Amino acid sequence: MRFEPLVCVIAAAAIVAPGQAATPRDLLTAAAFQSTDRQQALALVNQAAAQSEALLAAQRNSREGLLQHAMAIGYRAALTKKPGDARESRKMFEALVAANPRDPEFQLAIGGWHLDTIAAGFLAKTVLDARKDVGLDAVNKAVALGGDRAFFKGLAAMMRIRLDPADVDVALALAQQAAAAPAPTPLDRIVKRDAEAMLLPLRAGDGKAAAALARKLLPFGRIR
C-alpha cells in the first residue's frame with residue numbers, strides 16, 4: 001500500500017522543480033510520457049484525479065482543475081479500457097470546448113480523444129463513436145490557436161502520422177516547426193525532443209517507421 005505514493009513521487013520528480021509539489025498536470029505528464037509500467041501510470045493518474053477533484057472542490061470553475069480532471073478520466077480509460085470513463089471524458093472535453101472554443105488545449109484534448117480512440121482499434125472506435133474528421137479538425141484548430149509552441153505542433157505531427165502513414169509531408173512540416181519552436185514548459189520540452197526524433201524517418205519518407213515511432217512516443221506508448 002506504500003508503493004503507489006512513492007512511485008508517484010519518483011516518476012514525477014524529473015518534471016518538477018526542486019521544492020515544489022507535483023501538480024495534477026505534472027502527474028499526468030509523468031504518467032503519459034515517462035511511465036514504463038501500467039500500474040505505475042495508473043497510480044499517477046489516480047493521484048492526479050484526486051488532486052484535481054480537490055482543486056475543483058475549492059474552485060468550482062478552475063480551468064486547470066476542469067481540464068486536468070477530464071484528462072485524468074480520459075487517461076484512466078486508456079489504461080483500464082473502461083468505456084464509461086472514455087464517454088465521461090469525452091463529455092467533459094466537449095463541454096470545455098463549447099465554453100471556450102478558442103482554447104488550444106481544449107481543442108487538442110477533444111481531438112486527441114477521437115484520434116486516440118481510433119488508434120485503439122475498430123471495437124473502441126465503434127463502441128465509442130470516435131470520428132476521424134472531428135479529431136483532425138480539432139487538432140488543426142489546436143495548432144492554429146496554439147501559437148509558436150512545440151507542444152501543439154509536435155503532438156499534431158505524431159497523431160497525424162499514426163493515423164495515416166502516408167501523411168508524411170504534413171507530419172514532417174509540423175515536426176520541423178515543433179523542433180524549432182520554443183519549449184517553455186515540461187510538456188513542450190518532452191514533445192520537442194520527440195518531434196526531433198520523428199524527423200529522421202519523416203525526412204527519409206518512411207511513413208510506416210514514423211508511425212511506429214509515433215505510437216511509442218505518444219501517451220502511454222512507453223509502457224511495456
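Residues numbered from 1 in each chain as written. Predicted model: local features only at pLDDT ≥ 70, side-chain atom pairs only at ≥ 80, totals over all residues. Heavy atoms only, no water.

Focus: the side chain of Arg162
Rules: Secondary structure is summarised from DSSP: a helix means a run of H or I of at least four residues, a strand means a run of E of at least two, and numbering begins at the N terminus for each. For this analysis, a polar contact is any N or O atom pair within 3.5 Å, provided that within protein one partner can donate a hydrogen and the other can accept it, and provided that sequence-adjacent residues contribute only side-chain to side-chain pairs. By the convention used here, residues are in contact when the closest approach between their heavy atoms is within 4.5 Å.
Examined against the element boundaries, Arg162 turns out to sit in helix 9 (residues 150–163). Within the local environment of Arg162, its side chain forms a polar contact with the side chain of Asp116, the two groups lying 2.6 Å apart. In this structure, Arg162 is in contact with Leu115, Asp116, Ala119, Ala211, Ala214, Arg215 and Leu218, ignoring residues within four places of it in sequence.

A look at the layout of surface pockets
Basically, it comes down to this: In this analysis, the protein atoms alone were mapped onto a 1 Å grid. Cavities are point sets where a 1.4 Å probe fits without being able to get out; pockets are open sets with protein on both sides within 12 Å along at least five of seven lines; lining residues have an atom within 4 Å of a point. Grid points are joined across faces, edges and corners, and a volume is the space filled by probe spheres set on the points.
Roughly 1200 Å³ of volume is contained in the largest pocket. Looking at the lining of the largest pocket, the elements with two or more residues in it are helix 2 (24–33), helix 4 (63–80), helix 5 (83–99), helix 6 (104–119), helix 7 (122–128) and helix 9.

Description of unusual backbone geometry
One non-glycine residue, Lys81, adopts positive backbone phi at about 65°. A positive phi is found at Asp129, a non-glycine position, where the angle reads about 60°. Topologically, Asp129 is positioned in the loop between helix 7 and helix 8 (132–145).

As for the packing of helix 9 against helix 11 (residues 186–203)
Note the threshold: Inter-axis angles, ranging from 0 to 180 degrees, are taken between N-to-C directions of lines fitted to C-alpha atoms, where helices are fitted over the stretch in contact. If an angle is under 35 degrees, it is roughly parallel; if it is over 145, roughly antiparallel; if it lies from 65 to 115, roughly perpendicular; otherwise it is oblique. It is the rotation of the near helix from the far one that decides the hand of a crossing: anticlockwise by less than a right angle makes it left-handed, clockwise makes it right-handed.
Running from amino to carboxyl end, helix 9 crosses helix 11 at an angle of 40°, the nearest separation of the two axes being 8 Å. By the angle between their directions, the pair helix 9 and helix 11 is classed as oblique. Like other packed secondary-structure pairs, helix 9 and helix 11 cross with a definite hand, here left-handed. Residues Ala150, Phe151, Gly154, Leu155, Met158 and Ile161 of helix 9 lie in contact with helix 11, whose contacting residues are Leu187, Asp188, Val191, Lys192, Asp194, Ala195, Met198 and Leu202.

Here we look at the pattern of salt bridges
Put simply, the rule is: Within this document, salt bridges are pairs made up of a side-chain nitrogen of Lys or Arg and a carboxyl oxygen of Asp or Glu, the two lying within 4 Å of each other. Think of it in three bands: with a 1.4 Å probe and only protein chains considered, a residue is buried below 20% of the maximum accessible area for its type, exposed above 50%, and partly exposed in between.
The final tally for this structure, using the stated rule, is 14 salt bridges. Close ionic contact of Arg63 with Glu64 constitutes a salt bridge, the shortest N to O distance being 3.7 Å. Overall, Glu64 belongs to the partly exposed group, its relative accessible area being 28%. A salt bridge links Lys141 to Asp137; its shortest N-O distance comes to 3.3 Å. In this pair, Lys141 and Asp137 both sit in helix 8, four residues apart, roughly one turn of the helix.

Describing the environment of Leu187
Tracing the sequence through the fold places Leu187 in helix 11. Put simply, Leu187 and Thr29 are 158 residues apart on the chain and 6.9 Å apart in space, counted from C-alpha to C-alpha. Not counting residues up to four positions away in its chain, the partners in contact with Leu187 are Arg25, Thr29, Phe33 and Phe151.

Description of the confidence of the model for the protein
Close reading of the predicted structure is inappropriate where its pLDDT is low. Basically, it comes down to this: Per-residue confidence from the predictor is reported as pLDDT, which spans 0 to 100.
Of the residues in the protein, 91% reach a pLDDT of 70 or more, and the chain-wide mean stands at 92. Counted against residues more than four places away or in other chains, residues 1–14, with its pLDDT under 50, gives 14 contacts.

A word on the side chain of Ser35
By the secondary structure assignment, Ser35 is in the loop between helix 2 and helix 3 (38–58). Residues within four places of Ser35 in sequence aside, it is in contact with Ala30, Gln40, Ala41, Leu44, Arg222 and Ile223.

Things to note about the packing of aromatic side chains
The test is simple: Any two rings among Phe, Tyr and Trp, with Trp reduced to its six-membered ring, count as a pair given centres within 6.5 Å; such a pair is stacked if its planes are under 30 degrees apart, edge-to-face if over 60, and tilted if neither.
Scanning all chains against the criterion turns up two aromatic pairs. Here Tyr75 and Phe220 contribute two aromatic rings whose centre-to-centre distance is 5.0 Å and whose plane-to-plane angle is 85°, an arrangement assigned as edge-to-face. On the criterion of sequence distance, the pair formed by Tyr75 in helix 4 and Phe220 in the segment after helix 12 (207–217) is long-range, its members being 145 residues apart. Exposure class is identical for Tyr75 and Phe220. Each is buried. Considering the side-chain rings of Phe151 and Phe152, the 5.0 Å spacing of their centres and the 65° angle between planes classify their relative orientation as edge-to-face.

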